[in-house]
Structure formats: C-alpha cells, structure tokens
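Chain residues, written in single-letter form:
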Amino acid sequence: DVKVTQSSRYLVKRTGEKVFLECVQDMDHENMFWYRQDPGLGLRLIYFSYDVKMKEKGDIPEGYSVSREKKERFSLILESASTNQTSMYLCASSLILQGEAFFGQGTRLTVV
Amino acid sequence: AQSVTQLDSQVPVFEEAPVELRCNYSSSVSVYLFWYVQYPNQGLQLLLKYLSGSTLVESINGFEAEFNKSQTSFHLRKPSVHISDTAEYFCAVRVSGTYKYIFGTGTRLKVLA
C-alpha cells in the first residue's frame, strides 16, 4: 500500500515564525501536492511538483514556498506564518499522468 | 478553468435509507473521476474511481457511482447507509494528460439513528 506520511498531526506556531511541513511518500510517485482545507472551501491547491526540483504554483501560492530535493520528500514552507494560514494542510502523491492521488493524514496548523 | 460542483453541503439521512451525493464537473475533454471520504481529523481516503471502461463503478463498502458524460456528472449512491458512513465526501476530477486534481467543496453526510 502507498503510504504518505506527514511529519506532524498538530502544530501550533506564533505569528511571524518560519514553519516547515514535511511530507514523505514511499511509492516512487513522480507527483506530489500540497493542499489546504478550510470549511466550506474544500481543498485548494497550494503547490505541486512533478519531478525533483520542479514545482508549479497552484491556486493559492501566496505566502508559501516548497522544496523537493528528493523524489520522496516534499516540503511546504510558510516564510512568515500569519493567523490566516491557520488551516488543515494535506499532502498527496500520485503517478505522473494517471490514477488517483494518495493522501497523508493531514497537519492541523494553528497560528497564534 | 475546470471546476467541480457539489451542490449539497450537508445531507442528513436516516440509517438504512438510500442516499445520493451529487457531483458535476465542467470539462469537455477526457477526465478521470474520483470520490474520496474523510473521517474527522484524518486525511482523504479513496472511495472509488472512474478511469475508463464501465461507467458504473463500485466500492467494497456498498457505494457506487456512475459516470455520465452527457450530463458531466458522477453522482455517488448507496442503497442503505450505516451510522459508520457519517463523514465528509469529496468529488474530484483530473483532466487526462494533466497533473492536477480539482476538488469539490465537499458534502457532509450525517446518518441518523
């Protein structure tokens, strides 16, 4: 079974802190994604990556950056956390051009 | 731009009753379609998918969905729900040849005893 692991289930950070959310997948998938989930808004794509060191902006990239130095790992970075970035963050991976996305358990981030 | 519409944000239904969760998408090209389920404070789990072939797809726990190309719909149905089906359900589409998955806003199914 594909496993997508997010490093933290719950995080509490202060406004202005630099925050790293880590995601690792174990099935050699080319694609990796970061979504944020907010009530009533569903899942919105922040960034995705289709190969090592390759990334593309999603629908809401402002205030975020990403890093993919190895195929199995995709990191989301909040350069200076703000309270409006309090949300559930979901990482996913998939094969390059077919099939479903596999999701991690999510990280619930609270910025105070 | 591609979009997915789940018109019902909440659906209450009594146990053992049938349910239909609606999903429509906007695309005139070939697509892959998915339903995911999310239990509280967890990630999304794939419930079923349509990639090609038979337009009726089924899950192991009794859900089914039918791909209707002319109506650009992929509604999810179950003939008899259980309390344990209480969760949020997301419909998603991926346009053939692209990387991205586009999700609807979700439908919260609440099964009542």
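Look up a bit, the structure's there.
Definitions and limits used
Residues numbered from 1 in each chain as written. Chains lettered and ligands numbered in written order. Predicted model: local features only at pLDDT ≥ 70, side-chain atom pairs only at ≥ 80, totals over all residues. Heavy atoms only, no water. Contact = heavy atoms within 4.5 Å. Buried area = accessible area lost by both parts, 1.4 Å probe. Polar contact = N/O pair within 3.5 Å; in protein donor to acceptor, adjacent residues only side chain to side chain. Helix = DSSP H or I, 4+ residues; strand = E, 2+ residues; numbered from the N terminus. Core = buried A, V, L, I, M, F, W, Y, C linked by side-chain atoms within 4.5 Å. Buried < 20%, exposed > 50% of the residue type's maximum accessible area, 1.4 Å probe, protein only. Pairing = 2+ DSSP bridges. Axes fitted to C-alpha atoms, helices over the stretch in contact; angles between N-to-C directions.

## What about the interface of chain B and chain A?
Then, number 1: Taken together, the contact pairs 22 residues of chain B with 28 residues of chain A.
Then, number 2: Roughly 2,000 Å² is buried in total at the junction of chain B and chain A, and carbon and sulfur atoms are behind 55% of that figure.
Then, number 3: Among the residues of chain B in contact with chain A, Asn41(B), Tyr99(B) and Tyr101(B) are the three that bury the most area, contributing 32% of the side total.
Then, number 4: Across the chain B-chain A interface, the total number found is 12 residue pairs in polar contact (both at pLDDT 80 or more).
Then, number 5: Those elements giving two or more residues to the side of chain B that touches chain A turn out to be strand S5 (31-38), strand S6 (44-50) and strand S10 (87-95) of chain B.
Then, number 6: Broken down by element, the residue count for the side of chain B that touches chain A peaks at 4 residues, all from S5(B).

## Digging into the nonpolar core
Then, number 1: Of all hydrophobic cores here, the largest spans 28 residues; its most connected members are Leu33(B), Trp35(B), Leu47(B), Leu48(B), Phe74(B), Leu76(B) and Tyr89(B).
Then, number 2: Residue assignment for this core shows that the elements contributing at least two residues are strand S2 (10-14), strand S3 (19-21), S5, S6, strand S8 (64-68), strand S9 (73-78), S10 and strand S12 (107-112) of chain B.
Then, number 3: It is S10(B) that provides the largest number of residues to this core, a total of 5 residues.
Then, number 4: Dropping the residues within four chain positions of it, Leu76(B) is found in contact with Val19(B), Glu20(B), Leu21(B), Trp35(B), Leu47(B), Leu48(B), Phe63(B), Glu64(B), Ala65(B) and Tyr89(B).
Then, number 5: Among the nonpolar cores identified, the runner-up in size contains 20 residues, and Cys23(A), Tyr47(A), Tyr64(A) and Val111(A) belong to it.

## Digging into the sheet that holds strand S8 (residues 73-78) of chain A
Residues and elements named next belong to chain A.
Then, number 1: In space, the 4 strands of this open sheet follow the order S1-S3-S8-S7, with antiparallel pairing throughout. Either end of the sheet is taken by a strand with one partner, and the two such strands are strand S1 (4-6) and strand S7 (64-70). Going from strand to strand, the sheet's axes swing by 20 degrees on average, the running direction of each strand aside.
Then, number 2: Judged from the 3 bridges that link them, S1 and strand S3 (residues 19-25) form a sheet pairing that is antiparallel. Along S3, the bridge assignment pairs Gln6 with Cys23.

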